[in-house]
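Remarks on the overall topology
Residue strings, one per chain:
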Amino acid sequence: MCDDPLLPGPVARALADYRSLRDAHGVRWGEPPLTYVVQAWATVFLDRRYDFWTTGLRQVAERYPDLPAEELEDHLGEVDVDRVVRDALAGDVVDNLPALRLTPEGCAVAADPRVLLGDGPFRTSLLLDSSRDEPVTVVVDGTAYEVPPRGAKIVEAAGEVTVDGRPVDLSPLARRAAAAAIRVRAGFPCRWSVTGANGQGWYPEGAPPKVDSLRRPYFHGDDLVVPVPAEPVTVTVARGMEYTSSEIVVTPEAGAETLVELAPERLYDAAARGWYGGDLHVHLNWMGEEPAAPALAAAAQHGEDLHVLNLVAGNVASERVYDVEALAHWAGEDLPWSDERHLARLGVEYRSDLVGHVTAFGLRGLPERYHTGFLGSVDWPPNTAALEELRALGGLTGYGHPFHTAFGDDDPPDVVLDRARDCSAREIVADAALGLIDTLDVLNHSSIAATAAVYRRLIGAGNRLAVTAGTDAVLSFCRRGTASSPPGWERVYAHVGGPLTAESYAEAIMLGRTFATTGPWLEFTVNGHGPGDTLELAPGQRVEIAVSSIGPEVERLEIRTAAGVLAQGPPGRLVTSLVVSEPTYVVAVASGGPHPRAFHRSGAYAHTSPVYLDVAGSQVAREADVRWCLAWLDRLEVLLREFGTFEIEEQLGDHLELYERARAVYRGRLAT
């Protein structure tokens with residue numbers, strides 16, 4: 001028997017292992033309880049309306065009343081997660097977590113009732129929420145759970161629940177409805193959302209129950225049959241950021257199949273202009289509710305019309321590297337569902353929670369190392385070693401989800417170098433100076449504004465890095481904010497010009513011919529030259545700058561140089577000129593508030609790579625930015641001495657030697 005081309009033997013066996021881990025350990029798959037592992041579990045139930053961090057930190061403060069506030073976050077992995085979920089919800093009931101309130105007077109079910117088709121069983125997570133001053137035992141489907149005084153516990157329930165020896169009436173959890181079906185058809189793969197009046201999502205058989213960061217259910221494909229109740233349902237179709245969405249309400253007939261033909265309209269066609277959009281940081285498997293097979297990635301890429309998809313193998317908090325079997329099988333090859341407009345590859349996320357996470361696209365083979373510093377192991381070698389190895393394998397390298405702390409253009413480095421381990425891109429200031437990194441994911445799931453501010457400091461200091469985008473979407477998560485949103489909800493567009501290949505796309509990015517976006521189309525020229533170009537100018541020469549945008553979510557356009565904002569205005573088109581007296585760069589930015597097309601909590605955003613303006617043979621190396629980078633390296637050295645784990649002094653010394661080499665580069669730029 002031949003392997004399924006989308007599920008070769010080693011990949012199928014790995015997928016079976018992941019399912020076993022999920023069945024045995026739940027969403028965490030048995031991973032050690034680092035802060036982001038615990039948060040991942042909690043945020044399956046807590047969307048962006050509910051604050052995991054503040055609630056968790058409050059619990060840590062109760063446990064460690066004498067601990068300084070700046071150290072509380074280091075203990076978030078120790079929290080009682082069930083109680084954090086209960087306290088963060090503060091009495092609210094979410095659709096995937098009904099509550100059984102255990103009060104001194106008895107108990108009661110609080111639920112957002114689900115609609116059921118037919119007579120099958122109803123399984124749900126159930127929050128056991130006690131306000132009693134003594135422990136209480138709850139028996140769920142024959143298993144006894146003890147809930148501590150005023151405590152909470154989340155369990156899985158499918159049948160009978162008893163409290164104090166008496167059965168609980170579970171009828172508020174759900175209601176039955178007559179079954180019907182709809183067939184959704186657009187004529188090409190799309191993203192579909194089918195919802196009832198209560199917001200409940202309906203899915204084709206076998207499709208994971210995905211929900212995006214805006215709490216919209218979705219699945220991908222075309223000409224699909226969806227079981228639904230025989231009552232009004234809303235059908236919405238979309239296809240990534242280059243399309244609008246279309247919507248219709250239908251009432252299907254019980255026992256029959258109703259055809260719904262609906263298609264999104266194209267807003268812009270990037271490929272027709274030689275631009276291809278990619279997501280450079282997507283995980284197939286990385287914990288979650290439902291282990292993901294490659295076929296799910298294929299459906300998502302085509303359903304989103306995502307030109308380039310980089311599926312990265314990486315660990316979570318232990319030695320296990322998820323999807324390394326797929327990387328070994330397909331390294332250096334286009335994945336089987338690739339075509340002339342859609343390219344998919346397997347890459348790597350190399351992870352150090354102390355100095356940053358790096359992604360690689362276009363690898364020709366397997367690296368020897370995938371992570372450092374986990375499970376108490378040493379924080380060595382520096383990311384330099386990984387970058388050199390990934391580069392030798394043909395990889396395009398970039399730092400992912402770079403910064404998580406609010407940071408402004410004028411803030412000093414210690415604002416983002418404020419604590420021990422948070423996977424921020426800390427070593428990028430050294431790696432950029434030494435030419436070891438190609439890109440920075442200015443568009444990411446964390447703080448875009450902070451990353452953009454750091455990026456502009458880096459290029460202002462003379463480092464030539466391309467703007468890229470990586471969502472960190474995880475296909476094995478069904479409902480966890482942006483992690484369960486579709487791949488490509490942010491994209492880096494690269495101007496390729498010719499046929500789309502892994503090599504041509506990587507080359508275009510390395511040349512800086514890019515902009516990254518949550519959805520808006522952004523065109524930008526300086527004297528007719530686009531991002532990545534360098535203009536050789538004489539002092540006093542004038543340049544003409546033009547920016548245009550497409551997208552209903554754009555509210556503001558900006559033109560920036562190394563000195564700051566040069567011009568700003570409303571969406572559509574912005575034109576200005578600049579008399580150039582010293583070397584600088586020019587970038588364009590589009591922004592807007594929350595919008596249905598923008599999955600990021602901060603709203604819409606797009607940022608170009610620079611056009612560089614060299615003057616009299618000199619490149620930009622703004623003194624303030626160079627000194628800022630030097631201050632960054634000084635602070636980073638302090639941080640590593642305090643929080644790094646090293647067995648011998650030479651291991652720390654390798655980091656410090658790297659920083660000293662970078663300092664020499666920056667000091668040399670001050671001298672010119």
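The preceding data block contains the structure.
Residue indices begin from 1 for each chain and proceed along its sequence in written order. Totals for whole chains, interfaces and linings use all residues, but because this is a predicted model, local features are given only for residues with pLDDT of at least 70 and pairs of side-chain atoms are given and counted only at 80 or more. Water and hydrogen atoms play no part in the side-chain values, which are based on all heavy atoms of the structure.

1. Focus: the sheet that holds strand β35 (residues 573-580)
By this definition, two strands are paired if DSSP reports at least two bridges between them. Helix and strand definitions follow DSSP, with helices as H or I runs of at least four residues and strands as E runs of at least two, each counted in order from the N terminus. Pairing is antiparallel in the open sheet, where three strands are placed in the order β30-β32-β35. Bordering the open sheet on either side are β30 (521-526) and β35, each of which pairs with just one other strand. Pairwise comparison of adjacent strand axes, ignoring direction, gives a mean angle of 15° for this sheet. In the sheet, strand β32 (residues 541-550) pairs with β35 via eight bridges, with the strands oriented antiparallel. Residue Arg 542 lies in a different strand from β35, and its bridge partner there is Val 579. Every axis in this analysis is a line fitted to C-alpha atoms, fitted for helices over the stretch in contact. Angles between the N-to-C directions lie between 0 and 180 degrees.

2. A few points about helix α12 (residues 649-671)
One fewer than the residue count of a helix, multiplied by 1.5 Å, yields its expected span. In a regular helix each residue adds 1.5 Å, so 23 residues correspond to 33 Å; α12 covers 32 Å between its end C-alpha atoms and thus fits that length. Residues Gln 651, Leu 652, His 655, Leu 656, Leu 658, Tyr 659, Ala 662, Arg 663, Tyr 666 and Arg 669 constitute the buried set of α12. Here, two residues are considered to be in contact whenever any of their heavy atoms come within 4.5 Å of each other. Contacts made by the buried residues of α12 are with α7 (383-392), α8 (428-433), α9 (448-460) and α11 (623-643). Only protein chains enter the accessibility calculation, which uses a 1.4 Å probe; a residue is then buried when its area is under 20% of its type maximum, exposed when over 50%, and partly exposed in between.

3. Points about the nonpolar core
Ranked by size, the top nonpolar core spans 101 residues in total, and within it Leu 311, Phe 361, Ile 428, Leu 458, Tyr 505, Tyr 659 and Tyr 666 carry the most contacts. When residues of this core are assigned to their parent elements, the largest contribution, nine residues, is made by α11. Nonpolar cores were defined as sets of buried Ala, Val, Leu, Ile, Met, Phe, Trp, Tyr and Cys residues, with membership established by side-chain atoms within 4.5 Å. Counting residues in each nonpolar core, the second largest holds 41 residues, with Leu 21, Leu 46, Leu 76 and Ala 88 among its members.

4. Looking at the side chain of Thr 517
Along the polypeptide, Thr 517 turns up in strand β29 (residues 514-517). Thr 517 gets classed as buried once you look at its relative accessible area, which sits at 0%. At a separation of 2.7 Å, a polar atom in the side chain of Thr 517 contacts the main-chain carbonyl oxygen of Pro 520. Those residues in contact with Thr 517 that sit more than four places away from it in its chain are Met 241, Leu 443, Trp 489, Glu 490, Arg 491, Tyr 493, Tyr 605 and Ala 606. Under the rule applied, a polar contact is a pair of N or O atoms within 3.5 Å (in protein, one hydrogen donor and one hydrogen acceptor; residues adjacent in sequence only if both atoms are side-chain atoms).

5. With respect to empty space enclosed by the protein
The method works on a 1 Å grid over the protein atoms by themselves. A cavity is a set of points holding a 1.4 Å probe that cannot get out, a pocket is an open set with protein on both sides within 12 Å along at least five of seven lines, and residues with an atom within 4 Å of a point line them. Grid points are joined across faces, edges and corners, and a volume is the space filled by probe spheres set on the points. Throughout the structure, instances matching the rule amount to five cavities of 30 Å³ or more. Roughly 100 Å³ of volume is contained in the largest cavity. Together, 15 residues line the largest cavity, and Thr 43, Val 44, Asp 47, Arg 215 and Arg 479 are the ones closest to its centre. Amino acid classes used here: Ala, Val, Leu, Ile, Met, Phe, Trp, Tyr, Cys and Pro are nonpolar; Asp, Glu, Lys and Arg are charged; the rest, including Gly, are polar. In the lining of the largest cavity, the residues fall into five nonpolar, four polar and six charged. Taken together, Val 11, Ala 14, Leu 15, Tyr 18, Leu 284, Asn 285, Ala 292, Pro 294, Asp 323, Glu 325 and Ala 326 form the lining of the second largest cavity. Of all the secondary structure elements, the ones that give two or more residues to the lining of the second largest cavity are α1 (9-25) and α6 (324-330). Per element, the largest residue contribution to the lining of the second largest cavity is four residues, and it comes from α1. A breakdown of the residues in the lining of the second largest cavity according to their chemical character gives eight nonpolar, one polar and two charged.

6. Observations concerning the side chain of Asn 96
For Asn 96, the location among the structural elements is in the loop between α4 (81-89) and β1 (99-103). A distance of 3.1 Å separates a polar atom in the side chain of Asn 96 from the backbone oxygen of Val 44. Every residue in contact with Asn 96, bar those within four places of it in the chain, is listed here: Val 44, Phe 45, Thr 124, Ser 125 and Arg 479.

7. Observations concerning the sheet that holds strand β11 (residues 179-185)
Strand order in this open sheet of three strands is β15-β11-β18, and the pairing throughout is mixed. The open sheet has two free edges, formed respectively by β15 (224-229) and β18 (257-261), since each of these has just one partner strand. Each strand axis lies, on average, 30° off the axis of its neighbour in the sheet, ignoring direction. In the sheet, β11 pairs with β15 via six bridges, with the strands oriented antiparallel. When the sheet's bridge partners are listed, Arg 183 is paired in β15 with Val 225.

8. Some remarks on the pattern of salt bridges
Between Lys or Arg on one side and Asp or Glu on the other, a salt bridge is scored when a side-chain nitrogen of the former is within 4 Å of a carboxyl oxygen of the latter. Counted according to the given criterion, the structure contains 50 salt bridges. Here Arg 479 and Asp 95 are joined by a salt bridge, their closest N and O atoms 2.9 Å apart. Of the two residues, Arg 479 is situated in the loop between β27 (473-474) and β28 (491-495) and Asp 95 in the loop between α4 and β1; the sequence distance between them amounts to 384 residues. Between Arg 457 and Asp 625 there is a salt bridge; the shortest N-O distance is 3.0 Å. With Arg 457 in helix α9 and Asp 625 in helix α11, the pair connects residues that are 168 residues apart, well separated along the chain. Taken as a pair, Arg 457 and Asp 625 share a single burial class, namely buried. One continuous salt-bridge network, built from bridges that share partners, spans Glu 62, Arg 83, Arg 86, Asp 87, Arg 101 and Asp 129.

9. Looking at the packing of helix α3 (residues 52-63) against α4
Two elements in contact, α3 and α4, have axes whose closest approach is 9 Å; the angle formed by their N-to-C orientations is 120°. Judged on the interaxial angle alone, α4 and α3 are oblique. In the crossing of α3 with α4, the sense of the turn from one axis to the other is right-handed. Along the contact surface, α3 presents Phe 52, Thr 55, Gly 56, Gln 59 and Glu 62, while α4 presents Arg 83, Val 84, Asp 87 and Ala 88. Of the residues belonging to the contact of α3 with α4, the class tally is three nonpolar, three polar and three charged. When an angle is under 35 degrees it counts as roughly parallel; over 145 it counts as roughly antiparallel; between 65 and 115 it counts as roughly perpendicular; any other value is oblique. Crossing handedness is read from the near helix: turned anticlockwise from the far helix by less than a right angle, it gives a left-handed crossing, and turned clockwise, a right-handed one.

10. A few points about the pairing of strand β14 (residues 217-221)
The element β14 is largely enclosed, with a buried count of five among its five residues. The pairing of strand β12 (residues 190-196) with β14 spans three bridges and is antiparallel. Within β14, the position partnered with Cys 190 by the bridge is Gly 221. As paired strands, strand β13 (residues 210-211) and β14 are joined by two bridges and run antiparallel to one another.

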